[in-house]
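Take a look at the letters that make up each chain.
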Amino acid sequence: MSTTAILYAVGVLGGLGILFGVLLSVADKFFAVPVDERITLVREAVAGANCGVCGYPGCDAFSEAVVRGEAPVNGCTPGGSKSAAALAQIMGVNSVSVEEPVVARLLCQGGDGIAKDRFVYQGISSCAQAMSLSSGPKMCPSACVGLGDCGRACKFDAISYVNGLCVIDPNKCTACGACVKACPNHLIKLLPRAATVTVRCSNTQPGKLVNKACDHGCIGCKLCEKACEHDAIHVNDSLAVIDTDKCIRCEACVAACPKKCITLSA
Amino acid sequence: MRLADIGVFLFFINAAFSNNMIFSRFLGNCPYLGVSNKLETATGMGVAVVFVMGIASLFCYLSYAYILVPLGLQYLDTITFILIIAALVQLVEMFMKKSLPALYSALGIYLPLITTNCAVLGVALINMRSGYNLIESVLSGVFGAVGFLMAIVLMAGIRERLESSDIPKAFKGFPISLIIAGFMSVAFLGFAGLVK
């Protein structure tokens, strides 16, 4: 191997690369097809995550559909009210009000040491895989196993893991719903952003079992029901559920809960 | 397996059946399983592959014979072919968008996928390894792609029927498709040794 061989190799590949680059950029001008400039504008105004929540295969297809008038201007959920307003302006229609903003919330607090382990899971790092082994490594069948299925589904880097529990950053969450689908235990729900008081437990087993399985599980004691003056919280199936329309965030139930499973989120 | 020895027909049988891209070389399995849900899209993908593989074989041969061989750089064939195929697919896409909008809307979404189709690169490399000349390279590319088209269309036809068949739950979807792909591969083993 001599120096000339190296130079030839670099020269040929570099030369071909430059040649193709120039050729393609010339061809791009030569074969340019006029596109509706609104498509470009719309494409820039949407969230651009190619998440597919709008029902179109990617942001490009959605943008074209908006310009053709087939898709609604508020169709981009991750873009929220900001992109809806921008799209309405581009398309010259009155801004359609966006639905109440929602955010993904994890309804479980059973991290390491809080929800008790039944066995030590040492398989591949996947919640779905872990749950398929006789309903999961934890005593609670609806506990977060923290093996990252939701985090891998999230395209916005909004999910991290602390103490074996997934933590959703509400500032980064765009409510695209990918994690809701990914969680094998259905522990993540899209709830109104304003509803900051949540029952962070999804276990519907009787209180006695929950008490054994988890330090922060809802045992269905109904103390919250009694504490609530606004008829906003009810225990069904041994699990407290908050009616977000009636709840005024007085936090009486948060104080009343003996298991500390009703919490205030950001 | 030179063209002069066996004639065009046997050359076709060899490239499309005996050494089928999917069933005996196991190249291009990604589009084969990924785009074979519907007959219509499978045909689109297959035709696009025929188109690209023919052109890619031509340009890869030219670059190999007139640039790499004279300079003694044959070992750069893989990376050069990748470069050529990627640029070529882009160029073809632009050209079609401008001149053949109807064909573009039919094939459009499959063309970028072909950029990373290993069958296209594979056939170019196999051509060079076999010492094919220009005509043999192009024919081998086109015939190989016809074999791919046939495989993907057959698979799509079967999968469309699988949709409405009573299959045990554990085998629904991909598992049964993979089993069928295996059966088809075994069936195509029958063509092996047909061309001597």
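What you see is a predicted model; the values in this text were computed from it and never measured.

Draft legend 1. Highlighting the overall build of chain B. Along chain B, the regular secondary structure elements total 9 helices and 0 strands. Secondary structure elements of chain B, listed N to C terminal, follow the sequence α-α-α-α-α-α-α-α-α. Counting all 196 residues of chain B, 46% fall into the buried class. Pairs at least 24 apart in sequence give 77% of the contacts found in chain B among residues at least 6 apart. Surface summary for chain B: the accessible area is close to 9,500 Å², and the carbon and sulfur share equals 70%.

Draft legend 2. Structural view of the overall build of chain A. Within chain A, the secondary structure is distributed over 10 helices and 8 strands. Burial status across chain A gives 40% buried among its 266 residues. Taking the intrachain contacts of chain A between residues at least 6 apart in sequence as the baseline, contacts between residues at least 24 apart amount to 57%. For chain A, the accessible surface area stands at approximately 14,400 Å², while carbon and sulfur atoms represent 57% of it.

Draft legend 3. Up close: the interface of chain B and chain A. Between chain B and chain A, the residue contacts involve 17 residues of the former and 17 residues of the latter. Of all residues in chain B, Leu83, Met94 and Lys98 of chain B bury the most surface against chain A, accounting for 31% of the area lost on that side. In this assembly, chain B and chain A are joined by 0 salt bridges. In this structure, the connection of chain B to chain A is made through 0 residue pairs in polar contact (both at pLDDT 80 or more). Of all the secondary-structure elements, those providing two or more residues to the side of chain B that touches chain A are α3 (39-68) and α4 (77-99) of chain B. It is α4 of chain B that contributes the most residues to the side of chain B that touches chain A, 11 residues altogether. By residue class, the composition of the side of chain B that touches chain A is 13 nonpolar, 2 polar and 2 charged.

Draft legend 4. Quick look at the side chain of Ser137 of chain B. Within the element layout of this structure, Ser137 of chain B appears in helix α8 (residues 134-163). The residues contacting Ser137 of chain B, other than those within four sequence positions of it, are Ser57, Tyr61, Asn127, Met128 and Tyr132 of chain B.

Draft legend 5. The arrangement of the packing of α3 of chain B against α8 of chain B in detail. Residues and elements named next belong to chain B. Their axes nearest at 8 Å, the elements α3 and α8 cross at an angle of 165°. With respect to α8, the element α3 is oriented roughly antiparallel. Note that α3 runs across α8; the crossing there is right-handed. Of the residues that constitute the contact of α3 with α8, the class distribution is 20 nonpolar, 8 polar and 1 charged.

Draft legend 6. Looking closely at the packing of aromatic side chains. All names here are of chain B. Under the defined criterion, the tally for this structure stands at 12 aromatic pairs over all chains. Between Phe12 and Phe143, the aromatic rings sit 5.0 Å apart at their centres with planes inclined by 90°, giving edge-to-face as the arrangement. Here the residue Phe12 occupies a position in helix α1 (residues 3-18), and Phe143 occupies one in helix α8, the gap between them amounting to 131 residues. Look at Phe143 and you get buried, because its relative accessible area is 13%. Connected via pairs of aromatic rings, a cluster forms that spans Phe11, Phe12, Phe17, Phe23, Tyr32, Tyr132, Phe143, Phe188 and Phe191.

Draft legend 7. Examining the side chain of Thr174 of chain A more closely. Residue and element names in this part refer to chain A. With respect to the helices, strands and loops of the structure, Thr174 is situated in the loop between β3 (165-168) and α7 (178-182). Overall, Thr174 belongs to the buried group, its relative accessible area being 18%. Setting aside residues no more than four positions away along its own chain, Thr174 makes contact with Thr77, Pro78 and Phe156.

Draft legend 8. Structural view of the environment of Ala9 of chain A. Checked against the element boundaries, Ala9 of chain A lands in helix α1 (residues 3-30). Assessed through its relative accessible area of 12%, Ala9 of chain A is described here as buried. For Ala9 of chain A, the contacting residues outside a window of four places in its chain are Leu73, Tyr75 and Leu76 of chain B.

Draft legend 9. Here's a closer look at the pattern of salt bridges. Scanning the model with the defined rule gives 7 salt bridges over all chains in all. As a salt-bridge pair, Arg43 of chain A and Asp60 of chain A come within 2.7 Å of each other at their nearest N and O atoms. A residue pair is termed long-range when its members are at least 10 positions apart, and Arg43 of chain A in helix α2 (residues 37-45) and Asp60 of chain A in helix α3 (residues 59-68) qualify at 17 residues. The partly exposed category is assigned to Asp60 of chain A, whose relative accessible area is 48%. Between Glu136 of chain B and Arg2 of chain B there is a salt bridge, and its shortest N-O distance comes to 2.8 Å. In this pair, Glu136 of chain B sits in helix α8 while Arg2 of chain B sits in the segment before α1, placing the two residues 134 residues apart along the sequence. What makes Arg2 of chain B partly exposed here is its relative accessible area of 32%.

Draft legend 10. View of the nonpolar core. Core analysis: the largest hydrophobic core is formed by 71 residues, its most contacted members being Tyr32, Met53, Phe81 and Ile114 of chain B. Other than its neighbours up to four places away in sequence, Ile114 of chain B contacts Met45, Ala48, Val49, Val52 and Val120 of chain B. The next biggest cluster of nonpolar side chains, apart from the first, holds 25 residues, and it includes Ala104, Ala143, Ala158 and Ile188 of chain A.

Cut-offs used in this document
Residues numbered from 1 in each chain as written. Chains lettered and ligands numbered in written order. Predicted model: local features only at pLDDT ≥ 70, side-chain atom pairs only at ≥ 80, totals over all residues. Heavy atoms only, no water. Helix = DSSP H or I, 4+ residues; strand = E, 2+ residues; numbered from the N terminus. Buried < 20%, exposed > 50% of the residue type's maximum accessible area, 1.4 Å probe, protein only. Contact = heavy atoms within 4.5 Å. Areas by Shrake-Rupley, 256 points an atom, 1.4 Å probe, with all protein chains shown as cover. Buried area = accessible area lost by both parts, 1.4 Å probe. Salt bridge = Lys/Arg side-chain N within 4 Å of Asp/Glu carboxyl O. Polar contact = N/O pair within 3.5 Å; in protein donor to acceptor, adjacent residues only side chain to side chain. Nonpolar A, V, L, I, M, F, W, Y, C, P; charged D, E, K, R; others polar. Axes fitted to C-alpha atoms, helices over the stretch in contact; angles between N-to-C directions. Parallel < 35°, antiparallel > 145°, perpendicular 65-115°, else oblique. Left-handed = near helix turned anticlockwise from the far one by under 90°. Phe/Tyr/Trp six-rings, centres within 6.5 Å; stacked < 30°, edge-to-face > 60°. Core = buried A, V, L, I, M, F, W, Y, C linked by side-chain atoms within 4.5 Å.

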